[in-house]
Amino acid sequence: MKKKVVIEITDGHRYDSSVKGGKAFTSVDYMASTYGAACPCDWEGEVAEAVARSQQDIRANGDIPVVQDKRITLLRYLGSG
């Protein structure tokens, strides 16, 4: 196969108000043609773990993981990052 599969890290998501009080979370997700996953992450350590697991799963399927961090940071907001 050896297709590139993008792992996206995005912020700006919120749990439903009935789950964790509507707290914000960061999402790590990927979607290939026949498999995929998504993981809500509450802290940076969970993000790193989710990315590592995603990379492992993608490689196990014979594909190439590509990480895209789309979180808004101050440097990106100001156009410097």
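Heads up: the structure comes first, above all this text.
Parameters and conventions
Residues numbered from 1 in each chain as written. Predicted model: local features only at pLDDT ≥ 70, side-chain atom pairs only at ≥ 80, totals over all residues. Heavy atoms only, no water. Helix = DSSP H or I, 4+ residues; strand = E, 2+ residues; numbered from the N terminus. Buried < 20%, exposed > 50% of the residue type's maximum accessible area, 1.4 Å probe, protein only. Contact = heavy atoms within 4.5 Å. Areas by Shrake-Rupley, 256 points an atom, 1.4 Å probe, with all protein chains shown as cover. Pairing = 2+ DSSP bridges. Axes fitted to C-alpha atoms, helices over the stretch in contact; angles between N-to-C directions. Phe/Tyr/Trp six-rings, centres within 6.5 Å; stacked < 30°, edge-to-face > 60°.

1. Some words on the overall build of the protein
Summing up its helical and strand segments, the protein has 2 helices and 4 strands in all. In the protein, the succession of α and β elements from N to C terminus is β-β-β-α-β-α. Residues counted as buried form 27% of the 81 residues belonging to the protein. A sequence separation of at least 24 residues applies to 47% of the contacts in the protein between residues at least 6 apart. A total accessible area of about 5500 Å² is found for the protein, and carbon and sulfur atoms account for 54% of it.

2. Quick look at the pairing of strand β2 (residues 24-31)
Pairing of strand β1 (residues 4-14) with β2, which is carried by 6 bridges, proceeds in the antiparallel orientation. Paired with threonine 10 across the bridge in β2 is serine 27. Two strands pair when backbone bridges link them, and β2 and strand β3 (residues 36-41) are joined in this way by 6 bridges, in the antiparallel orientation. Within the sheet, the bridge partner assigned to serine 27 lies in β3 and is proline 40. Where β2 hands over to β3, the hairpin turn is made up of 4 residues, counted between the paired strands.

3. Examining the sheet that holds strand β4 (residues 64-69)
The strand order β3-β2-β1-β4 describes an open sheet built from 4 strands, whose pairing is mixed. Unpaired on one side and paired on the other, β3 and β4 mark the two borders of the sheet. Shown here is a sheet whose adjacent strand axes are inclined to one another by a mean of 20 degrees, direction ignored. The sheet contacts of helix α1 (residues 44-60) involve β1, β2, β3 and β4, and relative to β2 the element is tilted by about 10 degrees.

4. Focus: the packing of aromatic side chains
Under the criterion given, the structure shown has 2 aromatic pairs. Judged by centre distance (4.6 Å) and plane angle (40 degrees), the ring pair of tyrosine 15 and phenylalanine 25 falls under tilted. With a gap of 10 residues between them, tyrosine 15 in the loop between β1 and β2 and phenylalanine 25 in strand β2 connect regions that are remote in the sequence. Both residues of the pair, tyrosine 15 and phenylalanine 25, belong to the buried class. Residues tyrosine 30 and tyrosine 35 carry aromatic rings whose centres are separated by 6.0 Å and whose planes lie at 65 degrees to one another, so their mutual orientation is edge-to-face.

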